[in-house]
Number of protein chains: 12
Amino acid sequence: MNPSVLILNGPNLNLLGAREPALYGTGTLAEIEAACRAHARGLGLEVDFRQSNHEGELVTWVQEARGRHAGLIVNAGALTHTSVALLDSLRAVELPVIEVHLSNIHRREPYRRHSYIAEAALGMICGLGARGYLLALDALAEIVRRPGPGP
Amino acid sequence: MNPSVLILNGPNLNLLGAREPALYGTGTLAEIEAACRAHARGLGLEVDFRQSNHEGELVTWVQEARGRHAGLIVNAGALTHTSVALLDSLRAVELPVIEVHLSNIHRREPYRRHSYIAEAALGMICGLGARGYLLALDALAEIVRRPGPGP
Amino acid sequence: MNPSVLILNGPNLNLLGAREPALYGTGTLAEIEAACRAHARGLGLEVDFRQSNHEGELVTWVQEARGRHAGLIVNAGALTHTSVALLDSLRAVELPVIEVHLSNIHRREPYRRHSYIAEAALGMICGLGARGYLLALDALAEIVRRPGPGP
Amino acid sequence: MNPSVLILNGPNLNLLGAREPALYGTGTLAEIEAACRAHARGLGLEVDFRQSNHEGELVTWVQEARGRHAGLIVNAGALTHTSVALLDSLRAVELPVIEVHLSNIHRREPYRRHSYIAEAALGMICGLGARGYLLALDALAEIVRRPGPGP
Amino acid sequence: MNPSVLILNGPNLNLLGAREPALYGTGTLAEIEAACRAHARGLGLEVDFRQSNHEGELVTWVQEARGRHAGLIVNAGALTHTSVALLDSLRAVELPVIEVHLSNIHRREPYRRHSYIAEAALGMICGLGARGYLLALDALAEIVRRPGPGP
Amino acid sequence: MNPSVLILNGPNLNLLGAREPALYGTGTLAEIEAACRAHARGLGLEVDFRQSNHEGELVTWVQEARGRHAGLIVNAGALTHTSVALLDSLRAVELPVIEVHLSNIHRREPYRRHSYIAEAALGMICGLGARGYLLALDALAEIVRRPGPGP
Amino acid sequence: MNPSVLILNGPNLNLLGAREPALYGTGTLAEIEAACRAHARGLGLEVDFRQSNHEGELVTWVQEARGRHAGLIVNAGALTHTSVALLDSLRAVELPVIEVHLSNIHRREPYRRHSYIAEAALGMICGLGARGYLLALDALAEIVRRPGPGP
Amino acid sequence: MNPSVLILNGPNLNLLGAREPALYGTGTLAEIEAACRAHARGLGLEVDFRQSNHEGELVTWVQEARGRHAGLIVNAGALTHTSVALLDSLRAVELPVIEVHLSNIHRREPYRRHSYIAEAALGMICGLGARGYLLALDALAEIVRRPGPGP
Amino acid sequence: MNPSVLILNGPNLNLLGAREPALYGTGTLAEIEAACRAHARGLGLEVDFRQSNHEGELVTWVQEARGRHAGLIVNAGALTHTSVALLDSLRAVELPVIEVHLSNIHRREPYRRHSYIAEAALGMICGLGARGYLLALDALAEIVRRPGPGP
Amino acid sequence: MNPSVLILNGPNLNLLGAREPALYGTGTLAEIEAACRAHARGLGLEVDFRQSNHEGELVTWVQEARGRHAGLIVNAGALTHTSVALLDSLRAVELPVIEVHLSNIHRREPYRRHSYIAEAALGMICGLGARGYLLALDALAEIVRRPGPGP
Amino acid sequence: MNPSVLILNGPNLNLLGAREPALYGTGTLAEIEAACRAHARGLGLEVDFRQSNHEGELVTWVQEARGRHAGLIVNAGALTHTSVALLDSLRAVELPVIEVHLSNIHRREPYRRHSYIAEAALGMICGLGARGYLLALDALAEIVRRPGPGP
Amino acid sequence: MNPSVLILNGPNLNLLGAREPALYGTGTLAEIEAACRAHARGLGLEVDFRQSNHEGELVTWVQEARGRHAGLIVNAGALTHTSVALLDSLRAVELPVIEVHLSNIHRREPYRRHSYIAEAALGMICGLGARGYLLALDALAEIVRRPGPGP
């Protein structure tokens, strides 16, 4: 069976397309999910694509990833900047993590320039819109196939 | 039908009357709700009055406000100072928002003097106790009737 | 005789209507005064409405309020952020004070987000334009009639 | 009937034993619960031992403690450093609270050295592993039996 | 009639010549005024040259400049670093403003390195002594004659 | 003729006795003036004792002290912490200055712990109530009689 | 022979019972010593209980602990917050150290919230009064008996 | 002719493979260049791949990119954190820029967590090793082909 | 018997006269002691005048003051800025304390502008040289005779 | 022979006219050079006008100015904010320096508000566009002719 | 007689060889003393080599150096970072001082990167182990022989 | 053949003797080079002595040191405080590095007290003038001959 990737989306990403389109683009989260599924198929990966507005639910999903998934792609939305709990779950799960942001967080409000997630992530892709998810899948596909340790 | 206002109350506001009465007064949240309903009726407004201890639930309620409500009154309690997710939902919903606090947050602990909610709010009323909700309804009634953009 | 409220306006508020209308609206200070007088009358309050560009004059007016007025509404303009002297006079006069700002000071330059006045005020109403004065009158009317201590 | 103690565990503590064992030890949360129950029995105390990844759920449990429990032991995990809501609930419940951490938070990342919980706690025990829970029970047993006010 | 320039001097500039001559030079304010008048005449400009120790008076003079003057040269002295009220008046008057300082404020005490005035000024000339006023007149003459918006 | 000392009092010191007596004592400013006059007489000094709520007026009085007074005692009240203009006038006047505060400013709000006046003062006496003025007179009497430079 | 524990008390702890009893309780240091001796006996431990107002003496005592004691309990009092020398001696001695404070240092002045001692300690017990010493003995008894490295 | 991409490498990137391989990997810069050329060919892009230890040379190369290249990929090495001049050149050239780093700069020394380059970049890819260059090429290929403005 | 005052001098004050005379004057500590004794005699006070380079010795002397002395005058020298232990002893002794410094500490290096001693002192006299001790005696004489609480 | 002035331009100033014209104007550096030459001729000055993107080259040019030039006008561009080396060269050369900026750096990003160059400059002219160079020539002409020391 | 050098060692340096040998090396303080004596003999210098854990004792030794020693070498250990008293004694003694540290303090914890001693020292040698003492002797030998002022 | 040491000098060190002699001494860089050569010869070392005003050139020289030199002595001048690129090259070259400064950088402007170079250096010698180079050679001679790893 193909290795599986868990793609997590944090609060308000369910609003994509409707929310501040100048900043986040006009595509919806469902369109991103579809693009991820298609792209993953080409890479020989399964995708489990989820969104939640609840920090606790995201933490639980990360915890459950061990043994089920080969890696994670995480766009934690606003929780990127505030959730030590999510960071702790990502550290605990010991799987390769790639952080994705639609906008370039380094050019936004000061409180959006720091990421707790980054402390548990192999790398970050930001500012490249929905394409960032696909690039993260490309990178994760290679990492998942390569033997050796996680982050 | 009358325009409707969503009044959101954050964590621990369900304890009102019991919790630190010297700071927050002896009225209960149910009494505030009743006062809001009566006052709104006089202003020709419907009121949807809610409380949650869950950031995620509050975020979801804000997201669902679009198309259902004409404006929001938000007393986010402790989340005022920590929740970027709630701020993001308020920005996304693009409705007029008035922030209310029972106590004067500018005279409390330093970490209570900063509000993320304020970045998405037209204005703030604080330190005037339960009456702050009614004043916010007054202001929102006027804004809702006036043509033109939100915040 | 009706209880009286002193409404103080700080530097540059005499320019209202002409000054940065996108930020402060197009109404003049005279129009706000007229609205306050009409509104106060309905509340059974007298109004003494003043403006000065001089910190010292504002301090003196506050000092003289004791025994003459039952409460104050203060929009100190730029002095909000710089005048410890005005704060000291407000503390000394021991009357209920409500702070008003036309714009939402929490969304402006960092140096406009801190208020010395707040340390002596029961509460703050900001971002609701000229209506903030009227809401402050509503709140003060109630406080003035209620027995018990000031701020 | 014996007085009861509510022992609350925050996000990711359900992973104990699996998560970063060099830092948190190899014992599981179930083992800590069992040790607490046994130890409490010897002290004549009941124990209600819970864990949640949801801030809102922890807040609600704290709110409900009034009238049911004689004191709380709180290991809030990552929420220690970010949750003003949890602090507010602990303040409101007005019961004796002892804060516990498995690791010595004073020797970790800067953002783990500050505790909001501490503002509502009688004291803190940290860095002594699972034994910290038992020491907290010892201390709470004494406090619960002693007449007089909470924190 | 020639366009007119308002030249404002803040607190203690009336002491020039007597005050810390190593820092501010030995020329008096009257000599600077005379030099400005002569220089302005050559540029086809009128000059209204004033000094006050009162922030409120300076604010009022700035407010009155609209419709009377074509531009301002402002050496606010110590108020440069403390007066948000003066800044607000300069913003409101919407005329071209050039900030002048006799000494190089960037080489003095830290609290003299920040200028509120700068936020409303086209530019700054500092450290060139009394000549800075004349250079500012040169620049303003050109700006005043050039069609288009102010700062 | 006896040498003269200018004693300056800043904003709100005219309220002494009425204003926050727990902090500032119950004596009035007139009583302090009387005590100073009596004490100065014993030291062979004239006293010119003034109070103003206006920064600009205080600055002007300091400027005029040169040639009229042998030294200054300054209790600038709230301006201690905000007025660079007053500091500049004290530096310019080149007379011995002793700073006095009724309360111990080092134990009050953070913004009251810094004094601009101190940069131009020989020394400071604080926290000793009205007696501080008399001690300052003692010290100044000695300095005035001693040949040599000012601060 | 029983393993021995060195219990060190820093400056002013000799005043216990007399000093700020609302903060530190009414028990004396002699009473704490007696309680420690009794408790240690039950744990099969010897106790060497000392107090000094001299940083240098405390440093020397820590240095001499090696080879004589199996562990240390340190309540360094005010030196907790200022003494790098004491930290260095604790690091050098390479024995298990538990830090104790009578009050909850996390709720006191900002400069009392940081502990240099914590960098060399296994853990901290604070806010539980004299009982904190006994809990530390419990924890140390277990650690001393357990094979393996110190802090 | 194919659109061309300028790939710039800053100081010390010529040492790749030899320098701190645990951090930067064992591949050389020549190998990255070869991989980029091959990958770009598949995307229908030309590649101009350069490295310099001189800030001035990098600035000049960026300036010359206008009219010659359709986009830039910039790994500025240490200059990422110190060079405002490089930022200014990237802003001036008004071409799409993607920032690449081999390591995850968000997990390194504090001074490596801030990027001046980010202010002029569409997005950043970091922590994914040499593959980051290829992902950046993928993203740039799409952007270059899409009509519309640059960053 | 006359009430007694303990006058404490911290490190390096034994060097007075020899040490940086431009800053501290040319008088020796013995001369200050003699002047204090003479002045105290006139005030009906005994004086116990001591100096130590040891923080621990100063702490012990303060502790022993209770019951022996009616007040303290403290020039803690460099320990003013670093010794929390000395502050704690002064708080514990609950006697009136006046802080004295020869130089104006508000005009020196930043680390000399903060005083821990001030937190336990009624007031401070600084910058007035050896005379500061005599003025402190004057103030203390009055306080000692006046009934009521200490600091 | 006429005295000569070295006019130095830092990185990216060669792009003037093309680069962000809303901020820097549409004139080219060649046009500024021509205007400077014409203006200098009228003042009886020679001009050596240079630009470099290399910090090292600018440093060398400054070093060589001694003995060749009578003064410097420096627009260091981005190096203004980052180059201590350029500051050191300007200090070493001991010639009068006037700093020029086209835009008002006090109104831009925080990192552009600090100038290392200012520490070695007599004064600064900013925000007046290309005219700033000519005003600096005016000022320098006067300084060069006046006997006495440099900065 | 040969000029004499006082070599002072602060707290915990008596533990050398035993304390954290990876950081401080395996040589003992006695071996350093012997090496210093031998090396000084070759330079024609006497050596007085001391160690204390007491700040007060070190301060006293520095005070006594005047007239007895020609210079000082100071390794103040932890007091480097906390002792203003030691700094004051070094300033007062007005002899050439060279600061030595075994480890490179610039690469250690932030609080070890600042040295109060440096303010009174000609220079610093750090990170070169016990050899640093010998190099300091070399430098001091030259300075002692050279006529002219101390630091 | 003798082992070789690369001695690098950063910007403006070519001005030695002429530049601020009170701070840097009157010797020229050529004289320092000659002294180094003579001293190195006595130690059995070759010396390659260079200076550049260009960061990029210094970086390149460091990169080329591997395999050619046995160690480096680096006086990076102003780049000490600003160049992460130079730090990176020193880290990459993995040779023993000793940092030298003519003046005591710990007593200068705040921005000169931090050294990026120190992160890659064994140790630092500063404040001892040109002799610092010779002491560094002494230390390096010993390190180069001793077997074992670099920094």
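This text gives an overview of the structure that appears in the document. A quick note: this is a predicted structure, and the numbers were derived from the prediction, not measured.

Attention now moves to the packing of helix α3 (residues 55-65) of chain L against helix α4 (residues 84-93) of chain L. All names here are of chain L. Where α3 meets α4, the closest approach of the two axes is 8 Å, and the angle between their N-to-C directions is 5°. With respect to their mutual orientation, α3 and α4 come out roughly parallel. Counting all contacts with α3, which are made through Glu55, Leu58, Val59, Val62, Gln63 and Ala65, the residues of α4 involved are Ala85, Leu86, Ser89, Leu90 and Val93. Here the contact of α3 with α4 is built from residues that sort into eight nonpolar, two polar and one charged.

Next up on the list: the interface of chain F and chain E. Each partner contributes residues to the interface: chain F has 18 residues there, and chain E has 15 residues. When the buried surface of chain F facing chain E is broken down by residue, F:Gln63, F:Asp88 and F:Arg91 rank first, second and third, together holding 34% of it. F:Arg91 is the salt-bridge partner of E:Glu109, the closest N and O atoms lying 3.0 Å from each other. One can count eight residue pairs in polar contact (both at pLDDT 80 or more) joining chain F with chain E. Elements with a contribution of two residues or more to the side of chain F that touches chain E: α3 (55-65) and α4 (84-93) of chain F. Considering every element that reaches the side of chain F that touches chain E, the biggest residue donor is α4(F), with seven residues. Residues that form the side of chain F that touches chain E fall into these classes: six nonpolar, six polar and six charged.

Next up on the list: the pairing of strand β5 (residues 123-126) of chain A. Neither face of β5(A) is open: one carries A:Gly123 and A:Ile125, the other A:Met124 and A:Cys126, and all of them are buried. Pairing of β5(A) with strand β5 (residues 123-126) of chain H involves three bridges; the strand directions are antiparallel. Across the sheet, A:Cys126 pairs through a bridge with H:Met124, a residue of β5(H).

Now for the packing of aromatic side chains. Here the structure, examined in full by the defined rule, presents 24 aromatic pairs over all chains. Centroid distance G:Phe49 to G:Tyr133: 6.3 Å. Interplanar angle 35°. Geometry classified as tilted. You can see G:Phe49 sitting in strand β2 (residues 46-51) and its partner G:Tyr133 sitting in helix α5 (residues 131-145), a full 84 residues away along the chain. Exposure remark for G:Phe49: the relative accessible area of 9% places this residue in the buried category. We classify G:Tyr133 as buried; its relative accessible area is 0%. For the pair H:Tyr111 and L:Tyr116, a centre-to-centre distance of 5.0 Å together with 70° between the ring planes defines the contact as edge-to-face. Note that H:Tyr111 is positioned in the loop between β4 (97-101) and β5 and L:Tyr116 in the loop between β4 (97-101) and β5 (123-126), a pairing that runs across two chains. L:Tyr116 sits in the buried class, given a relative accessible area of 13%. Sitting over the ring of I:Trp61, I:Arg50 keeps its end group 5.0 Å from the ring centre.

This brings us to the relation of the copies chain F and chain E. Take chain F, turn it by 120°, move it 0.0 Å along the axis, and it overlays chain E with an RMSD of 0.0 Å. Taken together, the turn and the small shift mark the pair as related by a three-fold rotation axis. With a heterologous cut-off of 20% or less, the 11% of interface residues of chain F that recur at the interface of chain E puts this contact in the heterologous class.

Between the two copies, chain C and chain B, the superposition gives an RMSD of 0.0 Å; the rotation angle is 180° and the shift along the axis is 0.0 Å. What we have between these two chains is a two-fold relation. Closest to the rotation axis within chain C is the C-alpha of C:Ile125, separated from it by 2.2 Å. An overlap of 100% is found between the interface residues of chain C and their copies at the interface of chain B, pointing to a shared contact surface.

Criteria and thresholds
- Residues numbered from 1 in each chain as written.
- Chains lettered and ligands numbered in written order.
- Predicted model: local features only at pLDDT ≥ 70, side-chain atom pairs only at ≥ 80, totals over all residues.
- Heavy atoms only, no water.
- Axes fitted to C-alpha atoms, helices over the stretch in contact; angles between N-to-C directions.
- Helix = DSSP H or I, 4+ residues; strand = E, 2+ residues; numbered from the N terminus.
- Parallel < 35°, antiparallel > 145°, perpendicular 65-115°, else oblique.
- Contact = heavy atoms within 4.5 Å.
- Nonpolar A, V, L, I, M, F, W, Y, C, P; charged D, E, K, R; others polar.
- Buried area = accessible area lost by both parts, 1.4 Å probe.
- Salt bridge = Lys/Arg side-chain N within 4 Å of Asp/Glu carboxyl O.
- Polar contact = N/O pair within 3.5 Å; in protein donor to acceptor, adjacent residues only side chain to side chain.
- Buried < 20%, exposed > 50% of the residue type's maximum accessible area, 1.4 Å probe, protein only.
- Pairing = 2+ DSSP bridges.
- Phe/Tyr/Trp six-rings, centres within 6.5 Å; stacked < 30°, edge-to-face > 60°.
- Lys NZ or Arg CZ within 6 Å of the ring centre and 35° of its normal.
- Least-squares fit on C-alpha atoms with pLDDT ≥ 70 in both.

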